[in-house]
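Now for the letters of each chain:
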Amino acid sequence: QRFKMKRSFSRLLLLPPAFVLAACGAAATLSPEGETPRLSDRLSEAVWYAERGDHPGLASAADGILLEDSSFHGGSIAVLPPGDDSTYVNGAFTINVPDRDDVKLSAKVGLPSGATGTVLFSAFVQDGADFPKLAEVAASADGQLDEFSVDLSQFRGRGVLLILAVSSPDQSPLTTSAFWV
């Protein structure tokens with residue numbers, strides 16, 4: 001499945017080559033063991049957007065938020081509902097994938113305590129003019145966080161545009177916060 005862009009990428013392509021990818025949140029790690037830089041530490045370097053345009057307030061570093069598994073996870077990325085009829089929120093990060101055979105983006109994904117419904121978590125990478133979907137997880141308000149893992153080895157040694165996406169599974173407006181932990 002290919003990612004359909006509903007906006008120009010002219011602004012996204014101007015992102016600075018920012019960092020080496022290892023992980024999303026506090027619990028996410030680079031495989032094999034090694035440094036664990038977090039995307040949550042790089043939120044200000046990403047472009048966050050929904051159907052109605054760019055807005056850095058669509059995501060924030062989350063600490064002290066009770067999640068559906070009754071725990072608090074520091075260093076998480078909280079993706080906030082846009083407050084309009086947008087069905088998705090995407091974050092675009094320019095990353096340098098380490099030149100290794102076993103590079104993975106690993107995280108847990110889920111909803112805040114008390115949330116209802118299901119949210120889709122996806123990851124895409126710009127590969128030339130295409131944006132192939134690398135992974136997707138449907139996270140339901142079921143009292144537990146879901147595992148999210150993407151093998152990035154095919155992009156080793158390259159700078160890529162990584163897009164973390166949160167969307168409504170039925171094209172209805174996104175109404176709940178979602179967390180990359």
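Basis of the calculations
Here the residue numbering is sequential within each chain, running from 1 through the sequence in written order. Since the coordinates come from a predicted model, pLDDT governs what is reported: local features require at least 70, and pairs of side-chain atoms require 80 or more to be given and counted, while whole-chain, interface and lining totals use all residues. Side-chain descriptors were evaluated using all non-hydrogen atoms of the structure, hydrogens and water having been removed beforehand. Note on conventions: DSSP H or I runs of at least 4 residues are helices, E runs of at least 2 residues are strands, and numbering of each starts at the N terminus. Exposure categories follow from relative accessible area, calculated using a 1.4 Å probe and restricted to protein chains: below 20% of the type maximum is buried, above 50% is exposed, and the middle band is partly exposed. A contact between two residues is defined here by any heavy atoms of the two lying within 4.5 Å. In these tables, accessible area is a Shrake-Rupley quantity obtained with a 1.4 Å probe, and a residue counts as shielded only by the protein chains included in the view. We define the nonpolar core as a collection of buried residues of types Ala, Val, Leu, Ile, Met, Phe, Trp, Tyr and Cys that are connected through side-chain atoms lying within 4.5 Å of one another. Here a Phe, Tyr or Trp ring, Trp counted by its six-membered ring, pairs with any other such ring whose centre lies within 6.5 Å, and the pair is stacked when the planes are under 30 degrees apart, edge-to-face when over 60, and tilted otherwise. Between any two strands, pairing holds if DSSP finds at least two bridges.

Would you mind going over the overall build of the protein chain with me for this structure?
When you go through the protein chain residue by residue, the secondary structure sums to zero helices and twelve strands. Looking at the protein chain residue by residue over its 181 residues, the buried ones come to 49%. Sequence separation of at least 24 residues holds for 73% of the intrachain contacts in the protein chain that already meet a minimum separation of 6. When the accessible surface of the protein chain is summed, it comes to about 8,200 Å², and 47% of that surface belongs to carbon and sulfur atoms.

Sorry if this is basic, but what is going on with unusual backbone geometry here?
Positioned with a positive phi, Ser70 is a non-glycine residue whose angle comes to about 65°. Note on placement: Ser70 falls in the loop between β4 (59-62) and β5 (76-79).

Is there a simple way to think about the nonpolar core in this case?
Among soluble globular proteins, nonpolar side chains are generally buried collectively. Within the largest apolar cluster, 36 residues are counted, with the highest numbers of intra-cluster contacts made by Trp48, Ile77, Phe93, Phe121, Phe148 and Trp180. Excluding its chain neighbours within four sequence positions, the residues that come into contact with Phe121 are Val109, Gly110, Ala135, Glu136, Val137, Ala139, Phe148, Ala165, Val166, Ala178, Phe179 and Trp180. Counting nine residues, the second largest nonpolar core, distinct from the first, contains Val47, Tyr49, Phe124 and Ile163.

What's the story with the environment of Thr87 in this structure? I'm lost.
By the element assignment, Thr87 lies in the loop between β5 and β6 (88-96). Between the C-alpha atom of Thr87 and that of Thr175, which follows or precedes it by 88 residues, the distance is 8.7 Å. Beyond its immediate sequence surroundings of up to four residues, Thr87 is in contact with Glu51, Val166, Ser167, Ser168, Gln171, Ser172, Pro173 and Leu174.

Teacher, can you tell me more about the packing of aromatic side chains here?
Each aromatic ring pair is specified by the distance between its two centres and by the angle formed by the two planes. Summed over the entire model, instances satisfying the criterion amount to four aromatic pairs. Ring centres of Tyr49 and Tyr88 lie 6.4 Å apart, and the angle between their planes is 80°; on these two criteria the pair is classed as edge-to-face. On the criterion of sequence distance, the pair formed by Tyr49 in strand β2 (residues 47-50) and Tyr88 in strand β6 is long-range, its members being 39 residues apart. Pair check on accessibility: Tyr49 and Tyr88 agree, each one buried. Between Phe121 and Trp180 the ring centres are 5.2 Å apart and the planes differ by 85°, which places this aromatic pair in the edge-to-face class. A residue pair is termed long-range when its members are at least 10 positions apart, and Phe121 in strand β8 (residues 118-125) and Trp180 in strand β12 (residues 178-180) qualify at 59 residues. Each residue in the set Phe121, Phe148 and Trp180 is aromatic and connected to the rest through ring pairs, giving one cluster.

Explanation requested: the pairing of strand β7 (residues 104-110) in the structure shown.
Regular strands place side chains that alternate from one sheet face to the opposite one. Burial analysis of β7 places five of its seven residues in the buried class, the great majority of the element. With six bridges joining them, β7 and strand β10 (residues 146-151) adopt antiparallel strand pairing. Looking at the pairing, Lys104 lines up with Asp151 of β10. Note that β7 and β12 share two bridges and pair antiparallel.

Such coordinate-based values are descriptive only and should not be taken to indicate function.
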